[in-house]
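What follows is each chain in one-letter form.
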Amino acid sequence: MQFGYVSRLEKDAGRWVEQGLLTADAADAILRDVHSRRGGYSFSTVIIILGVICLCFAAMTFVAANWDEMARLLRVGLLIAAMWASYVGSVLAHSRGRTAIADALVLLGSGIFGAAIMLVGQMYHLQGKAEDAVLLWAAGTFVAAAVLRSRGALWLAIILFAIWFLMRLDPDFESAPDAVDFWYLATWLPCAALAWWLHSRGAAHLLAIGLIGWIVISAVILTDRDNTITWFACLHAAFFLVAAIALLSIKGGNWLRGFESAVIGYSVLSIIGTTGVWTAIQVFNDDDAEIRLAVQLMNFIPYVAILAAIAAIAGWARQMRSTQFYDIAFCLVFAAAGALLLTQQAQQIPFDTEFYALALSIWFIRMGWRQDIATVTRLGYFAFALTMLLIYFRTAGTLLGTTGFYLTAGLLLVLGAIFFPRLLRLMPGRPPGSDEEPEAAS
Amino acid sequence: MNRRGFILGAAGVAILQSGAVGAMIANRARNIANGREVIVESGFVDPRDLFRGHYVTLNLVVGELNAGNVEIDREFASDETVYAELQEGEELFWTAKKLWHDIPEAVDAPFLRGEITLAPAVTASGNAEGEDALDPASQRYRIAFPFDRYFAPKLRAQELEKFRQDQRLGVVLSVGEDGSGIIKGITVDGEIIYDEPLF
């Protein structure tokens with residue numbers, strides 16, 4: 001249940017009763033139902049999980065502190081017994097219908113499993129690669145999550161697989177790996193399938209963050225290896241592809257079970273990130289040798305394949321007369337425009353990147369409204385502010401100067417304040433109650 | 001999920017996870033039982049106190065070799081896997097005889113697998129530009145072995161700390177056929193002061 005949902009519903013129900021839309025009895029029944037469902041479930045789950053995390057640490061520090069007096073096999077026996085006790089506890093909790101507690105105890109069992117691996121490694125002087133121990137822990141935790149349908153254990157497994165991936169990278173980047181580590185994807189996909197099966201939004205968020213991290217690191221590796229920014233351009237376009245898929249799913253197949261809006265949010269955040277890096281490359285790269293290479297981008301098969309995929313999705317949306325066609329078409333336009341920006345010709349147009357970033361941020365704000373995703377709208381404002389800052393830095397000390405910047409920014413804001421609300425009223429599919437947003441912008 | 005399914009699942013998970021921990025211990029016991037015993041010298045110890053317990057860092061002598069004192073099958077680069085062929089030394093310890101890229105079938109000696117962290121070409125002996133850097137005797141191989149620390153009970157770690165610089169510390173290793181090494185014990189001046197039990 002969303003935060004603030006109940007109090008909002010109470011206010012709304014009161015208004016609806018006053019307006020005669022709802023009888024007082026029906027409003028009471030609705031509120032009773034909502035209150036009964038609230039039941040402290042989500043909050044108590046949080047508290048239980050925090051408690052379990054404390055217990056995990058208690059188990060680890062206890063064994064570290066009182067270790068010396070015990071025989072080695074006794075210590076191992078103690079750890080195994082603690083692990084079994086957690087699973088027996090989870091069975092008892094599950095049979096009494098306390099699924100949240102059962103879930104937390106499975107997480108505890110997996111935590112003790114990790115402690116056992118570390119401590120056995122220490123006691124018996126097993127000193128292979130540390131990442132192998134993390135992988136063993138992650139795999140055991142994943143099995144527990146899958147077999148016992150435990151979301152808590154799934155979260156832990158996702159985090160451990162991400163740690164394993166990071167440990168496999170060269171820590172000092174002195175000898176950067178020349179190949180992308182696809183093994184992380186091999187662990188990511190089963191986790192994603194399980195998150196989908198268990199309807200776990202928390203796990204989905206962790207997976208999204210992990211995947212973005214993996215993609216960015218892989219793009220850095222490829223860019224470093226090939227010494228061009230073509231792979232980086234692919235990365236930029238790929239985020240538009242992900243957004244397009246989520247846009248199609250949100251009003252259609254609902255393939256991600258309601259996680260679409262979060263995926264769009266993560267895509268928008270990533271696009272802002274890549275555009276920022278992109279801009280930095282252009283601003284700080286006086287010798288544009290690398291940028292000239294990007295002229296070849298339109299011949300670069302992975303890039304063209306990504307554009308073709310977005311175009312196919314747009315075509316499908318149009319065929320189905322989906323209201324999403326508009327935003328998906330913009331995904332294609334912005335993904336394609338990204339490549340053009342890096343060509344030699346575009347370098348001669350003043351403020352090309354800034355125009356691109358401005359258009360992008362306005363689209364984000366608008367898409368947030370159309371899709372009713374507040375986060376996307378907020379990210380749009382954030383991108384707009386960043387672009388303004390960028391324009392300021394680029395105009396300060398030039399012919400245009402800071403006065404020119406303030407004049408432009410002021411005009412934009414005033415004209416925007418006059419015309420934006422009118423524009424919004426004409427906009428189809430605008431969700432109700434979004435009137436306060438433009439004021440917040442100015 | 002029904003009750004019976006959950007009970008079976010929980011039992012399966014508990015058995016699997018316990019089995020994984022048990023297998024770690026069993027594998028080690030098997031490797032110790034089947035491995036060849038060698039004693040290599042370690043530089044003096046550096047006690048640490050981490051939250052996971054006390055351990056001492058081992059500076060193995062076979063991990064720091066003068067290029068002039070060891071044979072190689074061919075040139076090594078950093079990050080390459082290396083197999084150090086060991087021979088019994090004149091005194092208490094085994095020493096490195098030759099560095100290999102792979103374990104040769106014809107040689108019947110224990111091998112320790114490690115990773116080259118520094119190869120002579122990039123070794124700087126004070127001034128990298130000077131002639132010293134080109135002198136083979138001053139060039140070194142540095143090899144990282146997976147067994148670079150010894151977790152000791154608190155009292156044992158404090159004892160190790162007290163040993164004097166003129167005493168010679170040895171690490172008893174059980175070396176497997178694949179070059180893996182497991183610490184079996186610690187010696188001081190040739191006397192075993194800590195003998196690792198199998199379990």
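Residues numbered from 1 in each chain as written. Chains lettered and ligands numbered in written order. Predicted model: local features only at pLDDT ≥ 70, side-chain atom pairs only at ≥ 80, totals over all residues.

Novice: So what about the overall build of chain A? Which residues, and what values?
Specialist: Each helix and strand counted, chain A has 19 helices and 0 strands in total. Sequence-distant contacts in chain A: of pairs separated by 6 or more residues, those separated by 24 or more amount to 65%. (Helix = DSSP H or I, 4+ residues; strand = E, 2+ residues; numbered from the N terminus. Contact = placed C-beta atoms within 7 Å.)

Novice: Before we move on, could you go through the overall build of chain B and cite the residues and values that matter?
Specialist: What chain B contains, in helices and strands, is 2 helices and 12 strands. Seen in sequence order, chain B has helices and strands lined up from the N terminus as α-β-β-β-β-β-β-β-β-β-α-β-β-β. Of all 199 residues assigned to chain B, the portion counted as buried reaches 32%. Restricting to contacts in chain B with at least 6 residues of sequence separation, those with at least 24 account for 65%. (Buried ≥ 20, exposed ≤ 12 C-beta atoms within 10 Å, placed from the backbone.)

Novice: An account of the interface of chain A and chain B is needed here, citing residue identities and associated values.
Specialist: How big an interface is tends to be expressed through the accessible area that disappears when the partners come together. Listed by partner, the interface residues are 33 residues for chain A and 32 residues for chain B. For the side of chain A that touches chain B, the secondary-structure elements that each account for two or more residues are helix H4 (72–95), helix H5 (99–123) and helix H6 (130–148) of chain A. It is H4(A) that contributes the most residues to the side of chain A that touches chain B, 11 residues altogether. Tallied by class, the residues present in the side of chain A that touches chain B amount to 21 nonpolar, 9 polar and 3 charged. (Nonpolar A, V, L, I, M, F, W, Y, C, P; charged D, E, K, R; others polar.)

Novice: Tell me about unusual backbone geometry, and please be specific about residues and values.
Specialist: All names here are of chain A. The backbone phi angle of Arg149 is positive, close to 50°, even though this residue is not glycine. When you line up the elements, Arg149 lands in the loop between H6 and helix H7 (151–168). On the neighbour-count criterion, Arg149 (22 C-beta atoms within 10 Å) is buried. A positive phi angle is found at Asp372, which is not glycine, with a value near 60°. On the secondary structure map, Asp372 appears in the loop between helix H16 (352–371) and helix H17 (374–395). Taking the C-beta count within 10 Å as the criterion, Asp372 has 16 such neighbours and is therefore assigned partly exposed.

Novice: Outline the environment of Asp102(B), supporting the account with residue identities and numerical values.
Specialist: By the element assignment, Asp102(B) lies in the loop between strand S6 (94–100) and strand S7 (111–118). Each C-alpha atom of the pair Asp102(B) and Ile183(B) lies 23 Å from the other, and the pair is 81 residues apart in sequence.

Novice: Give a description of the pairing of S7(B) that names residues and reports values.
Specialist: Bridge count for strand S5 (residues 81–88) of chain B against S7(B) is 5 bridges, and the pairing is antiparallel. Of the residues in S7(B), the one forming a bridge with Val82(B) is Gly114(B). (Pairing = 2+ DSSP bridges.)

Novice: Hey, could you go over the pairing of strand S10 (residues 169–175) of chain B for me, with residue numbers and the actual values?
Specialist: A regular strand places its side chains on the two faces of the sheet in alternate fashion. Residues and elements named next belong to chain B. Of all 7 residues in S10, 6 are buried; the element is thus mostly enclosed. Bridge count between S10 and strand S11 (residues 181–188): 7 bridges; the pairing is antiparallel. By the bridge assignment for S11, Val171 is matched with Ile186. Following S10, the chain reverses through 5 residues before pairing antiparallel with S11; Gly179 in that reversal takes a positive phi of roughly 95°.

Novice: Describe the confidence of the model for chain B, with residues and values.
Specialist: Residues and elements named next belong to chain B. On average, chain B scores 80 in pLDDT, and the residues at 70 or more come to 77%. Mean pLDDT across the secondary structure elements of chain B bottoms out at helix H2 (residues 154–162), with 67, and peaks at helix H1 (residues 3–34), with 93. Contacts of residues 122–132 to residues separated by more than four positions or lying in other chains number 12 contacts, the stretch itself having pLDDT below 50. Note on the complex model: pTM 0.74, ipTM 0.78. (pLDDT = per-residue confidence, 0-100.)

Novice: Before we move on, could you go through the packing of helix H13 (residues 301–319) of chain A against helix H14 (residues 325–341) of chain A and cite the residues and values that matter?
Specialist: All names here are of chain A. Two elements in contact, H13 and H14, have axes whose closest approach is 9 Å; the angle formed by their N-to-C orientations is 160°. Considering the angle they form, H13 stands roughly antiparallel to H14. Between H13 and H14 lies a crossing of left-handed hand. Of H14, the residues touching H13 (which contributes Tyr303, Ile306, Leu307, Ile310, Ala311, Ile313, Ala314, Ala317 and Arg318) are Phe325, Ile328, Ala329, Cys331, Leu332, Ala335, Ala336 and Ala339. Each residue belonging to the contact of H13 with H14 can be placed in one class, and the counts come to 16 nonpolar, no polar and 1 charged. (Axes fitted to C-alpha atoms, helices over the stretch in contact; angles between N-to-C directions. Parallel < 35°, antiparallel > 145°, perpendicular 65-115°, else oblique. Left-handed = near helix turned anticlockwise from the far one by under 90°.)

Novice: Can you tell me about the nonpolar core, naming the residues and giving the values?
Specialist: With 63 residues, the main nonpolar core has Ala116(A), Leu154(A), Ala157(A) and Ile158(A) as its most contacted residues. Counting only elements with at least two residues in this core, the list comes to helix H3 (41–65), H4, H5, H6, H7, helix H8 (183–197) and helix H9 (201–226) of chain A together with H1 of chain B. Here this core takes 13 residues from H5(A), the largest share from any one element. For Ala116(A), the contacting residues outside a window of four places in its chain are Leu79(A), Ile80(A), Met83(A) and Val21(B). By size, the runner-up hydrophobic cluster in this structure holds 50 residues, among which are Val242(A), Ile306(A), Leu332(A) and Ile365(A). (Core = buried A, V, L, I, M, F, W, Y, C linked by C-beta atoms within 7 Å.)

Novice: Now, about the environment of Thr275(A): what can you tell me, with residues and values included?
Specialist: Residue and element names in this part refer to chain A. If you trace the backbone, Thr275 turns up in helix H11 (residues 260–284). The sequence separation of Thr275 and His236 amounts to 39 residues, and the corresponding C-alpha distance is 7.5 Å. Beyond its immediate sequence surroundings of up to four residues, Thr275 is in contact with Ala357 and Leu360.

Novice: Please set out helix H10 (residues 230–250) of chain A residue by residue, giving values where relevant.
Specialist: The end-to-end C-alpha distance of H10(A) is 31 Å, a good match for the 30 Å that 21 residues give at a rise of 1.5 Å each. Burial analysis of H10(A) places 20 of its 21 residues in the buried class, which makes it a mostly covered element. (Expected span 1.5 Å × (residues − 1).)

Novice: I'd like a description of the packing of H5(A) against H7(A), backed by residues and values.
Specialist: All names here are of chain A. Where H5 meets H7, the axes come as close as 7 Å, and the angle between the chain directions of the two elements is 35°. Only Arg151, Gly152, Ala153 and Leu156 of H7 make contact with H5, whose side of the interface consists of Asp103, Ala104, Val106, Leu107 and Ser110. Here the residues of the contact of H5 with H7 sort into 5 nonpolar, 2 polar and 2 charged.

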